Amino acid sequence: MLALLASGSSRSSSNNKLAESENATQNSNMSWGTELWDQNENLAIHTNRGIDALDKYANFLRDRVAIETEYAGKLRRLVKNYQPKKKEEEDNEFTSMQAFRNLLKEVGDLAGQREVVSESLQMQIIAGVTLLSKTLREERKKCLSDGANLQQNLTTQLSSLDRAKRNYEKAYRDSEKAVDSYKRADMDLNLSRAEVERYKNVMTSKIQQSDDAKNEYANQLQKTNNLQQQHFNMLLPAVLNRLQELDEKRTRGFREFIVGAADVESSVAPIIARCMEGIVKAGESINEKEDTFKVIERYQSGFTPPRDIPFEDLSKCDPDSVQDSHYSNSTSNSLTIRGTMSASKLKKRVGIFGIFGSNKQRQIIEACITMKNSLTADGQKEDFSDLPPNQRRKKLQAKIAELQHKIAQETNARDGLMKMKIVYEANSSLGNPMTVEGQLNESEHKLEKLKVDLKKYQGFLEKASQVPVATSSPQANRNQLQNGHRTSRHSNGSADDHHDDGDDQPDDAGSLSRSDSEDNVAQIQNGHNNNNNGSSASPESGLGTSHTSLPGSGQGSANENAIGDDTYYEREVETLNPLGTCKALYPFEASSEGSIPMNEGEELQVIEIDQGDGWTRVRRANNTNGWDEGFVPTSYIECTLYA
């Protein structure tokens, strides 16, 4: 059964192919000249509509080209608008941002391919369609003009035939009448012979005219038949066949242009496919674990988490001091800042030059402050001491790598200049060696400066690696107001407590910091500023703008310093009003002189804001002696300043 069905289907398919081939052969033998000899007007209308359709396709292509161009332009504008800004360049290390940047690149390539399609359609397809349409219209006009001339000739011949026929009919009727008149006259006995002869002559003349008209009619008929036969068998079919060729040319061009437009689209398809592959590849390159690791690398501070909050037994505390320690937060007009604050926008510390009598000393201290608070171009400290430990080490390592790269480049440039100088010295015709001497000196100067900077940042990195993770040491040579009394640090490293029961306690760290500070001041006095030789921006440097960092700088005797300091601090305690309050975000253990411990969540009074060294001076109520005052890390607190 299946075999019969298969054989039947094969026979039907072969029959269909045979029928199609016969139809194709039959169609190839058919022409407008033979089949549509009487449809001249309809063919003229058809060819006109065909050319209009071709023009319509050309307009379609123009609109499409405009859309493609607009689409490509909008894609490029889109890519430009979403390009990473300069301030977002630091996020380019993340795989997601890299993938997005690659996506933008691929979309830009897609826009380029749409522009290629637009230009190809404009230059190849639309130009060809326009030229073909113009040519077809001219040929159609000529064909229609030739057809009209042929029809006019045929119409003229038919008119001549019709006129000859009417003349022949009239002459024939006149001859018949003349014959009848002659016959009646010949039978009429009353007429004379002369009259009968006259009727006979008239009859003969009319018969001759009838014969001439007949001959003319026959001649015109033959001409008309010949012209008509030639018109419908040769001349008109030739014109109609030309119209047929014109229409086939239009149809064939239509097909070629449509296929050509598709070929233009197909030619960019592989590139577009590669763009799509690039987009997919960019998406697949995103690694969430790697981005997570990079976030940790960027923001890891190196600090330890806060410890447990201790229990406060309110029954053992003075209610007034508790109420004062929990100083109320300011209203909504106050400014809450987390981290380091710019001193230029807030109230500056007062009384810093109050104990100095000469302008020279003030200039020295101003130079020390400028040296200490030197910032980089991006607003960060030169040694990155305002950053958390881990971030500081990474910044320093990156800076060291950058300097090493610059040193390598400058070394290569210097070696090249030296070789050039040797060549010039060996052959003076090539150049003057003295012209290279200046460049060599400049290169040596740059190289020496880069090496100094490298050594400086290596020192910064070494110091940063030695700093404890939880906190850095506050200044050791700042004077501390503790329990309502002053403790001043002298250059011998001892602490003189002016409380009656206080004892001297040596502090090597304070002595070392004090010596460094005195050395820096001495260098400034001698016209040398060695700010970058390993100095830190922390309070340990001894160059801070704190009230407590200035007394005891080596001017005068210790007793004179003590007297001056007593006067200064008495005035300071009276004038220092709280600038606001702060809340401890993390617990802090005071590991060095000048700092005070605090617990997480504890509220303190701010009496000096951060001056760029990473430390804030705070005060809290003490149940026994009145006030505890000292420095805490700015990054450990959240400040709320009064409006």
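Residues numbered from 1 in each chain as written. Predicted model: local features only at pLDDT ≥ 70, side-chain atom pairs only at ≥ 80, totals over all residues. Heavy atoms only, no water.

## Digging into the overall build of the protein chain
Here is step 1: Counting its regular elements, the protein chain contains 12 helices and 9 strands.
Here is step 2: Counting the 643 residues in the protein chain, one finds 36% classified as buried.
Here is step 3: Excluding contacts between residues fewer than 6 apart, the proportion of contacts in the protein chain whose partners are at least 24 apart in sequence is 75%.
Here is step 4: When the accessible surface of the protein chain is split by element, carbon and sulfur atoms take 51% of a total near 38,400 Å². (Helix = DSSP H or I, 4+ residues; strand = E, 2+ residues; numbered from the N terminus. Buried < 20%, exposed > 50% of the residue type's maximum accessible area, 1.4 Å probe, protein only. Contact = heavy atoms within 4.5 Å. Areas by Shrake-Rupley, 256 points an atom, 1.4 Å probe, with all protein chains shown as cover.)

## Digging into the pairing of strand β8 (residues 626-633)
Here is step 1: Among the 8 residues of β8, 6 are classified as buried, and the element is accordingly described as predominantly covered.
Here is step 2: Direction of pairing for strand β7 (residues 615-622) relative to β8: antiparallel, over a ladder of 8 bridges. Its bridge partner lying in β8, N622 is registered against G626. (Pairing = 2+ DSSP bridges.)

## What to know about the packing of aromatic side chains
Here is step 1: Under the criterion given, the structure shown has 9 aromatic pairs.
Here is step 2: Both rings, one in Y57 and one in F60, keep their centres 6.1 Å apart while their planes meet at 25°; by these two values the pair is stacked. Of the two residues, Y57 and F60 are both situated in helix α3 (residues 40-81); the distance of 3 residues between them amounts to about one turn of the helix.
Here is step 3: Using a relative accessible area of 10% as the deciding quantity, one classes Y57 as buried. (Phe/Tyr/Trp six-rings, centres within 6.5 Å; stacked < 30°, edge-to-face > 60°.)

## Notes on the UniProt feature "coiled-coil region" (unreviewed entry) in the protein chain
Here is step 1: Following the UniProt record, the feature "coiled-coil region" (unreviewed entry) maps to residues 151-230 and 393-420 here.
Here is step 2: In residues 393-420, helix accounts for 100% and strand for 0%; the two terminal C-alpha atoms are 40 Å from one another. (UniProt positions renumbered as here; feature names shortened; annotations may be inferred.)

## With respect to the nonpolar core
Soluble globular proteins: nonpolar side chains tend toward being buried together.
Here is step 1: Core analysis: the largest hydrophobic core is formed by 22 residues, its most contacted members being Y57, L121, I125 and V129.
Here is step 2: Among the elements of the structure, α3, α4 (95-187) and α5 (193-284) are those that each provide at least two residues to this core.
Here is step 3: Among the nonpolar cores identified, the runner-up in size contains 17 residues, and A584, F588, V618 and I637 belong to it. (Core = buried A, V, L, I, M, F, W, Y, C linked by side-chain atoms within 4.5 Å.)

## Notes on the pattern of salt bridges
Here is step 1: On inspection of all chains with the given rule, the structure shows 26 salt bridges.
Here is step 2: In this structure, R114 engages E68 in a salt bridge whose closest nitrogen and oxygen atoms are separated by 2.8 Å. Of this pair, R114 sits in helix α4 while E68 is found in helix α3, placing the two residues 46 residues apart along the sequence. Judged on exposure class, the residue R114 and its partner E68 are both buried.
Here is step 3: Taking the shortest distance from any N to any O, the salt bridge between D453 and K456 comes out at 3.7 Å. Note that D453 and K456 are positioned in helix α10 (residues 433-466) at a spacing of 3 residues, about one turn of the helix.
Here is step 4: When salt bridges that share partners are traced, they join R64, E68, R114 and E265 into one network. (Salt bridge = Lys/Arg side-chain N within 4 Å of Asp/Glu carboxyl O.)

## With respect to the side chain of E106
Here is step 1: Among the structural elements, E106 can be located in helix α4.
Here is step 2: Notably, E106 is buried but unbridged: the nearest opposite-charge side chain belongs to K105, and the N-O separation is 6.0 Å.
Here is step 3: Apart from residues no more than four positions distant in its own chain, E106 is found in contact with R274, C275, G278 and I279. (Lys, Arg positive; Asp, Glu negative; His and termini not counted.)

## Brief notes about the packing of α3 against α5
Here is step 1: Between α3 and α5, the shortest axis-to-axis distance is 10 Å and the interhelical angle comes to 15°. Considering the angle they form, α3 stands roughly parallel to α5. At the point where α3 passes α5, the crossing takes the left-handed sense. On the side of α3, the interface is formed by N40, L43, H46, T47, G50, I51, A53, L54, Y57 and R64, while α5 contributes L240, L243, L246, D247, R250, F254, F257, I258, A261 and E265. (Axes fitted to C-alpha atoms, helices over the stretch in contact; angles between N-to-C directions. Parallel < 35°, antiparallel > 145°, perpendicular 65-115°, else oblique. Left-handed = near helix turned anticlockwise from the far one by under 90°.)

## Some details on α4
Here is step 1: Taking 1.5 Å per residue, 93 residues should reach 138 Å; α4 reaches 133 Å between its end C-alpha atoms and fits that length.
Here is step 2: The sharpest bend along α4 comes to roughly 35°, located at L121. (Expected span 1.5 Å × (residues − 1). Bend = angle between axes of the 7 residues up to and from the residue.)

## A word on the environment of L221
Here is step 1: Relative to the helices and strands, L221 is located in helix α5.
Here is step 2: Here L221 falls in the partly exposed class, since its relative accessible area comes to 29%.
Here is step 3: C-alpha of L221 to C-alpha of S160: the two residues are 61 residues apart in sequence and 8.9 Å apart in space.

## Some remarks on helix α9 (residues 389-426)
Here is step 1: If you check α9, its first and last C-alpha atoms are 55 Å apart, about what 38 residues at 1.5 Å a residue would give, namely 56 Å.
Here is step 2: Within α9 the residues assigned to the buried category are P389, N390, Q391, R392, L396, I400, L403, I407, E410, R414, L417 and Y424.
Here is step 3: Contact partners of the buried residues in α9: α6 (288-299) and α10.

## With respect to the pairing of strand β6 (residues 603-608)
Here is step 1: Burial runs high along β6: 6 of the 6 residues are buried.
Here is step 2: Examined bridge by bridge, strand β5 (residues 580-584) and β6 share 4 bridges and lie antiparallel to one another. When the bridges of β6 are listed, G580 appears paired with V606.
Here is step 3: Here β6 runs beside β7; their pairing, made up of 3 bridges, is antiparallel. Counted as the bridge partner of V606 is V618 from β7.

## Some points on the state of the cysteines
Here is step 1: Applying the stated criterion across every chain yields a total of 0 disulfides.
Here is step 2: Of all cysteine sulfurs, the one in C582 lies closest to C639, which takes part in no disulfide; the gap is 5.3 Å. (Disulfide = S-S within 2.5 Å.)

## Looking at the confidence of the model for the protein chain
Here is step 1: Per-residue confidence for the protein chain gives a mean pLDDT of 74; residues scoring 70 or more make up 68%.
Here is step 2: In the predicted structure, residues 469-575 sits below a pLDDT of 50 and forms 228 contacts with residues beyond four places in sequence or in another chain. (pLDDT = per-residue confidence, 0-100.)

## Regarding the environment of S285
Here is step 1: Tracing the sequence through the fold places S285 in the loop between α5 and α6.
Here is step 2: The residues touching S285, leaving out its near neighbours within four places in the chain, are T95 and A99.
Here is step 3: A polar atom in the side chain of S285 sits 2.6 Å from the backbone oxygen of A282. (Polar contact = N/O pair within 3.5 Å; in protein donor to acceptor, adjacent residues only side chain to side chain.)

## So, the environment of E290
Here is step 1: Within the secondary structure, E290 is located in helix α6.
Here is step 2: E290 sits 196 residues away from F94 along the chain, and the two C-alpha atoms are 7.7 Å apart.

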